[in-house]
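One letter stands for each residue in the lines below.
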Amino acid sequence: MIERVQDRLSGRARWFDIIEVSGSSTPISFKNNRLHSITERHNTGFGVRVNVDGRTGFSYTNDGAALDDMAGRAMELSTWGDREDFELPAEAGTHFEPYDGAIDSFDVKSEIAAAEETIAAILARFPGATVDLGISRSTASSRIVNSSGIDASYRSSHYAASIGATLILDDGSRIEAAGTLSGLAPLDYRELRDEITGNIEAALTTRKSPSGRVPVVLSPRAAARIIGIVTSGLNAKSVYRGISPFAERRGSAVFNSALTLRDDPSMDSSPFSYPFDDEGVPAVKKRLVNRGVIETFITDLKHAKKLGLAAGGNGQRSYASLPYPSFSNIVIDPGIEPRNRMIEGIERGILVEQFIGLGQSNTLTGDFSANLELAYLIENGTITGRVKDCMLSDNLFHLLAGEIVLSAERKRIGSVLAPYIMLPAVNYTG
Amino acid sequence: MPGGMPMRDGIGDIVALARTLVTGCRCEYAEVRLSSSRGDSISLTGEQVESFSSGDTIGGSVRILNNGSWGFVSFNDPEAIESHFRRCIEISSSIGGRDRTRIRPYRAVKRHFDTPSQKHAGTVPLEEKFSLISGYNRILKSSPLVQTTRATYRDVVSRYAYLNSEGSEITYDRAYCGISLSSIARDGAVIQPYSESVSGYGGFEIAEGREETAERVAKTACDLLKAESPAGGTHRVVADQKLAGVFIHEAFGHLSEADFVHENERLKKMMVIGRQFGPDGLNVLDSGSLPGLAGYIPFDDEGVLPEETRLIKGGLLSGRLHSRETAEKMGEETTGNARAIGVARQPIVRMTNTYIENGPHNREEILQAAGDGIYAAGVIGGETNLEMFTFTSGYGYQIKHGRLGTMYRDIVLSGNVFTTLLNIEMIGNDRLMFGGLGGCGKGGQSPLPVSFGGPHLLIKDVLIGGAQ
């Protein structure tokens with residue numbers, strides 16, 4: 001079908017590209033300890049971007065019968081587009097596929113059995129708990145065709161299991177522990193289950209801690225979440241708009257030398273990896289922060305041209321939108337301290353597992369302020385209970401510029417591979 | 001169709017086929033939802049046209065309750081509905097649930113609805129849409145302190161068809177339109193964004209005449225550069241109408257969604273009808289039947305007509321929001337609150353237009369009574385876990401001896417839902433309602449158009465984040 005659009009646009013546009021994304025998924029959903037629904041989703045969509053006389057227009061559809069109309073509309077809309085003088089790539093590069101054929105071993109009946117076993121194990125430990133559990137299998141294919149000669153496609157597969165367990169105590173207080181595991185093929189998620197029961201167990205006792213500056217350990221999950229405040233400033237679009245705090249700081253040491261941050265589109269077994277981006281640009285590994293020094297920014301073609309950066313495959317989009325700079329897998333390099341020794345060294349501090357309301361603040365400047373949905377008090381090197389109805393408020397950039405310690409252990413939480421991060425003095429309101 | 005929609009009607013022919021399928025289905029319940037829509041969207045940032053796009057979307061889904069379990073199939077090739085329907089029966093019967101889901105029946109509804117609009121978005125030339133939003137963008141960047149802006153315009157016109165095995169057949173020609181305006185001011189290392197958004201069901205007129213909003217956005221962003229952060233700790237807070245609305249939506253509204261409660265014995269005991277949730281003067285409602293507002297629905301995505309539901313009456317819990325499933329499980333009436341962000345998603349219990357009713361006090365009396373505290377206005381964002389909440393207000397002021405003083409920014413309010421509701425001391429008489437292009441997120445479905453509102457509120461002992 002794309003060929004028809006190609007014919008229609010050839011010779012009429014300075015350049016064009018067409019993206020076709022199609023996929024299907026099977027989410028199985030358990031709610032309140034029991035199977036609630038099985039879903040199947042199918043969708044295919046097309047997006048076309050044209051550059052006419054230097055101006056870009058865009059249109060999309062998921063209706064195969066409306067493709068001609070889509071191409072015509074993209075041409076019409078280019079009248080209002082910005083002048084854009086970048087060129088499209090001619091080569092999408094060498095291929096790998098974030099795809100594992102073992103995704104076909106996904107079997108609804110055995111997944112249901114495994115999920116029921118997981119729920120039963122959590123309920124055996126906490127009879128009053130309610131568990132929501134979701135399992136999903138999806139496969140997709142992406143195809144890019146452009147006027148420079150690219151016609152490239154790849155398959156992807158994605159398996160994800162997410163568990164959320166809630167326990168309401170006699171005093172009405174609520175413990176909610178949750179986590180997600182993802183990969184290219186069906187996974188055993190017993191470890192995730194044990195982590196969740198462990199997190200609830202540790203939260204059964206509530207402890208109080210006075211307000212003030214305290215050492216804080218961020219779990220990989222909390223670290224993966226909070227690092228978004230940094231990575232949003234490493235995006236070429238924010239840099240170009242003049243709202244990145246790092247815009248004029250390429251080459252300078254902004255953070256402690258313990259911090260190295262990468263974008264890695266080729267990470268093994270991650271469903272967030274890809275061979276080339278949604279503009280057909282080969283995706284390469286890049287270091288964004290090297291031992292505390294800002295090295296480069298992630299970018300799409302448009303902002304690469306505007307800022308004189310090298311495009312490394314970070315132009316992402318759905319079929320229904322224009323590309324924008326976006327991370328593949330974010331990697332925080334590990335430290336050497338074992339996680340346990342990090343906690344053992346703390347006389348009185350907080351271990352954060354899950355924030356609530358993080359990112360609602362004015363994070364452009366690094367300021368954050370968030371309630372702690374699940375966090376623990378560390379006393380004399382041991383976790384002694386949960387702290388609740390309390391907040392952490394500080395400036396993340398200042399904290400990461402100061403003394404920080406990273407653990408040797410790391411976990412991939414969604415698309416972020418993160419260690420435990422210890423910040424020696426964070427402002428805590430209890 | 002109003003104004004004559006330019007798109008091809010991709011679902012009209014399918015309706016008859018869908019009717020045969022749902023009425024012939026021998027499962028407990030079956031429904032088909034179909035939609036075909038066209039949307040235009042313009043996003044300007046600073047001097048740039050970030051995107052100007054237009055697209056057609058078609059889609060459908062089948063949901064079947066079979067032997068007490070739900071099967072759901074979504075697709076974008078409605079012409080293949082027969083095979084999707086068969087597949088849905090197949091997957092729903094592949095599992096025999098131990099606990100069976102039952103749902104509340106509802107009367108057959110056969111109706112057609114139209115969004116009333118003065119200037120149907122489908123008939124307004126692209127040129128006019130572009131020039132309107134460009135005008136706002138010029139205002140947004142009118143101060144030299146403004147580093148960059150974003151002005152977004154969006155409209156969607158769609159035809160929606162709903163059919164179920166009870167004999168309901170509802171069609172809806174829907175038009176939604178809105179804008180979102182933001183300015184980001186910068187002074188050295190201080191970067192301060194501020195934004196506002198307006199949306200609702202109707203035509204292009206919703207987006208027109210918003211110059212004052214654009215002016216306010218630019219001015220507030222610039223003023224915030226000089227604002228201070230409040231001291232962390234516990235404060236008396238006066239919330240403006242918008243913050244009051246977000247508070248009631250986030251902190252209480254989600255708790256009243258029965259899917260959180262219906263299978264949880266302990267929560268059921270906490271959310272027992274008649275329990276005191278707030279002061280005597282506190283009345284909270286949800287109503288999907290208020291035309292024009294962003295949360296307006298003539299019928300929900302299970303074919304149920306919306307009710308006005310009193311959630312809190314005189315401070316006491318008096319109702320909750322239901323889908324057919326939760327209503328049946330709890331032995332209560334349906335309220336018409338099963339909603340999905342699109343036909344490709346399953347309906348879940350959601351709010352519509354949620355608000356606190358007016359009380360007796362004017363703003364001046366409330367400020368006087370506050371004495372010393374914080375006036376918090378608008379909202380940047382919020383999150384709740386049904387017990388604790390955190391949200392950030394757009395801007396605010398110190399209150400000293402009942403008068404507004406120094407401007408504040410980064411006011412992050414946090415607390416326990418139950419105690420904070422009980423800590424409401426005064427309720428104003430100046431309720432306003434707010435929508436916007438953003439919306440509510442739940443269960444991976446975001447953004448769902450909703451509106452919220454309330455009058456000014458005085459709340460004691462609110463935890464504010466920040467250095468002591």
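Cut-offs applied
Residues numbered from 1 in each chain as written. Chains lettered and ligands numbered in written order. Predicted model: local features only at pLDDT ≥ 70, side-chain atom pairs only at ≥ 80, totals over all residues. Helix = DSSP H or I, 4+ residues; strand = E, 2+ residues; numbered from the N terminus. Rg over C-alpha atoms; globule rule 2.2 N^0.38 Å. Buried ≥ 20, exposed ≤ 12 C-beta atoms within 10 Å, placed from the backbone. Contact = placed C-beta atoms within 7 Å. Expected span 1.5 Å × (residues − 1). Arc of directions from axis to C-beta. Pairing = 2+ DSSP bridges. Domains from an automatic or database assignment. Nonpolar A, V, L, I, M, F, W, Y, C, P; charged D, E, K, R; others polar. pLDDT = per-residue confidence, 0-100. Axes fitted to C-alpha atoms, helices over the stretch in contact; angles between N-to-C directions. Parallel < 35°, antiparallel > 145°, perpendicular 65-115°, else oblique. Left-handed = near helix turned anticlockwise from the far one by under 90°. Core = buried A, V, L, I, M, F, W, Y, C linked by C-beta atoms within 7 Å.

(A) Up close: the overall build of chain A. Summing up its helical and strand segments, chain A has ten helices and 19 strands in all. Relative to the globule expectation of 22 Å for 430 residues, the C-alpha radius of gyration of chain A, 24 Å, shows essentially globular dimensions. Residues counted as buried form 54% of the 430 residues belonging to chain A. Counting contacts in chain A only where the partners sit at least 6 residues apart, residues at least 24 apart contribute 71% of the total.

(B) Layout of the overall build of chain B. Of the regular secondary structure elements, chain B holds nine helices and 26 strands. In terms of C-alpha radius of gyration, chain B reaches 24 Å, essentially the compact-globule figure of 23 Å for 468 residues. With respect to the principal axes defined by its C-alpha atoms, chain B has extents near 70 × 55 × 35 Å. A burial count over chain B gives 60% of its 468 residues as buried.

(C) Molecular detail of helix α2 (residues 81-93) of chain B. Taking 1.5 Å per residue as the helical rise, α2(B) with its 13 residues ought to reach 18 Å, and the 18 Å between its terminal C-alpha atoms agrees with that figure. The complete set of buried residues in α2(B) reads B:Ile81, B:His84, B:Phe85, B:Cys88, B:Ile91 and B:Ser92. All buried residues of α2(B) fall inside an arc of 130° around its axis, so they share one side. In α2(B), those exposed residues whose orientation departs by more than 90 degrees from the buried face are B:Ser83 and B:Arg86. Elements in contact with the buried residues of α2(B): β2 (34-52) of chain A together with α1 (12-24), β2 (48-66) and β3 (69-75) of chain B.

(D) Local environment of the sheet that holds strand β25 (residues 451-454) of chain B. All names here are of chain B. Across the sheet, six strands lie side by side as β11-β10-β9-β14-β25-β22; this open sheet has mixed pairing. A strand with exactly one partner marks an edge of an open sheet, and here the two such strands are β11 (316-317) and β22 (432-434). Pairing of strand β10 (residues 308-313) with β11 involves two bridges; the strand directions are antiparallel. Pairing of isoleucine 312 across the sheet is with leucine 317, part of β11.

(E) Up close: the domain arrangement of chain B. Residues and elements named next belong to chain B. Domain annotation for chain B reports domain 1 (12-224) and domain 2 (233-464). A separation of 23 Å is found between the C-alpha centroids of domain 1 and domain 2. In this complex, domain 1 contributes 37 residues to the contact, which on the side of domain 2 involves 28 residues. Residue assignment for the side of domain 1 that touches domain 2 shows that the elements contributing at least two residues are β1 (29-45), β2, β3, β5 (146-164), β6 (169-187), β7 (190-201) and α4 (211-224). It is β7 that contributes the most residues to the side of domain 1 that touches domain 2, seven residues altogether. Of the residues assigned to the side of domain 1 that touches domain 2, the class counts are 14 nonpolar, 17 polar and six charged.

(F) Main features of helix α4 (residues 190-202) of chain A. Residue and element names in this part refer to chain A. Taking 1.5 Å per residue, 13 residues should reach 18 Å; α4 reaches 18 Å between its end C-alpha atoms and fits that length. Residues of α4 that are buried: Arg193, Ile196, Asn199 and Ile200. Each buried residue of α4 sits inside an arc of 125° when the element is viewed along its axis, so together they form one side. Turned more than 90 degrees away from the buried face of α4, the exposed residues are Arg190, Glu191, Asp194 and Gly198.

(G) Representation of the pairing of strand β16 (residues 382-387) of chain A in the model. Residue and element names in this part refer to chain A. Note: strand β15 (residues 367-379) against β16, five bridges, orientation antiparallel. Residue pairing in the sheet places leucine 377 in a bridge with glycine 385 of β16. Between β15 and the antiparallel strand that follows it, β16, lie two residues; asparagine 380 among them carries a positive phi value of about 50°.

(H) Geometry of the confidence of the model for chain B. Residues and elements named next belong to chain B. Within chain B, residue pLDDT values average 92, and 97% of them lie at 70 or more. Contacts for the low-pLDDT stretch residues 1-8, under 50 throughout, to residues beyond four places or in other chains number 16 contacts. Confidence metrics for the complex model read pTM 0.91 and ipTM 0.88.

(I) Summary view of the domain arrangement of chain A. All names here are of chain A. When cut into domains, chain A gives domain 1 (2-200) and domain 2 (205-430). Relative to domain 2, the C-alpha centre of domain 1 lies at a distance of 23 Å. Contact with domain 1, which involves 35 residues of that partner, is made by 23 residues of domain 2. Of all the secondary structure elements, the ones that give two or more residues to the side of domain 1 that touches domain 2 are β1 (15-31), β2, β3 (55-61), β4 (130-146), β5 (151-168) and β6 (174-183). With five residues, β6 is the largest single contributor of residues to the side of domain 1 that touches domain 2. Tallied by class, residues from the side of domain 1 that touches domain 2 come to 17 nonpolar, twelve polar and six charged.

(J) Representation of the packing of helix α3 (residues 126-140) of chain B against α4(B) within the structure. Residues and elements named next belong to chain B. Contact geometry for α3 and α4: axes closest at 8 Å, N-to-C directions at 30°. As far as their axial angle goes, α4 and α3 are roughly parallel. As α3 runs across α4, the sense of the crossing is right-handed. For the pair formed by α3 and α4, the contact residues are Tyr136, Ile139 and Leu140 on the first element and Glu211, Ala214, Glu215, Val217 and Ala218 on the second.

(K) Quick look at unusual backbone geometry. The peptide bond linking B:Ser446 to B:Pro447 adopts the cis configuration, its omega dihedral lying at -5°. Here B:Pro447 is to be found in strand β24 (residues 445-448).

(L) Molecular detail of the interface of chain B and chain A. Taken residue by residue, the interface counts 68 residues in chain B and 57 residues in chain A. Grouping the amino acids of the side of chain B that touches chain A by side-chain chemistry returns 25 nonpolar, 33 polar and ten charged. Bridging between β2(A) and β3(B) involves five bridges; their strand directions are parallel. Opposite A:Ile38, over in β3(B), you have B:Gly71 as the bridge partner.

(M) Focus on the nonpolar core. All names here are of chain A. In terms of nonpolar packing, the biggest core is built from 255 residues, with Ala223 and Ile350 touching the most fellow members. By residue number, the principal contributor to this core is strand β19 (residues 416-429), which donates nine residues. Residues contacting isoleucine 350, with those up to four places away along its chain left out, are Val214, Val216, Ala375, Leu377, Ile378, Val387 and Tyr428.

(N) Highlighting the packing of helix α1 (residues 2-9) of chain A against helix α2 (residues 67-77) of chain A. Residues and elements named next belong to chain A. Here α1 crosses α2 at 35°, and the two axes come no closer than 9 Å. As α1 packs across α2, the resulting crossing turns out to be right-handed. Residues Arg4, Val5, Arg8 and Leu9 of α1 pack against Leu67, Asp68 and Ala71 of α2. Among the residues forming the contact of α1 with α2, the class breakdown is four nonpolar, no polar and three charged.

(O) Spatial organisation of the environment of A:Gly101. With respect to the helices, strands and loops of the structure, A:Gly101 is situated in the loop between α2 and α3 (108-125). Judged by local crowding, A:Gly101 falls into the exposed class, with 11 C-beta atoms found within 10 Å.

(P) Structural view of the pairing of β4(A). Residues and elements named next belong to chain A. Note: β1 against β4, 14 bridges, orientation antiparallel. Directly across from valine 21, in β4, lies its bridge partner serine 142. Pairing of β4 with β5, which is carried by 16 bridges, proceeds in the antiparallel orientation. Bridged to isoleucine 135 within β5 is alanine 161. The loop that links β4 with its antiparallel partner β5 comprises four residues; one of these, glycine 149, has a positive phi angle of about 110°.

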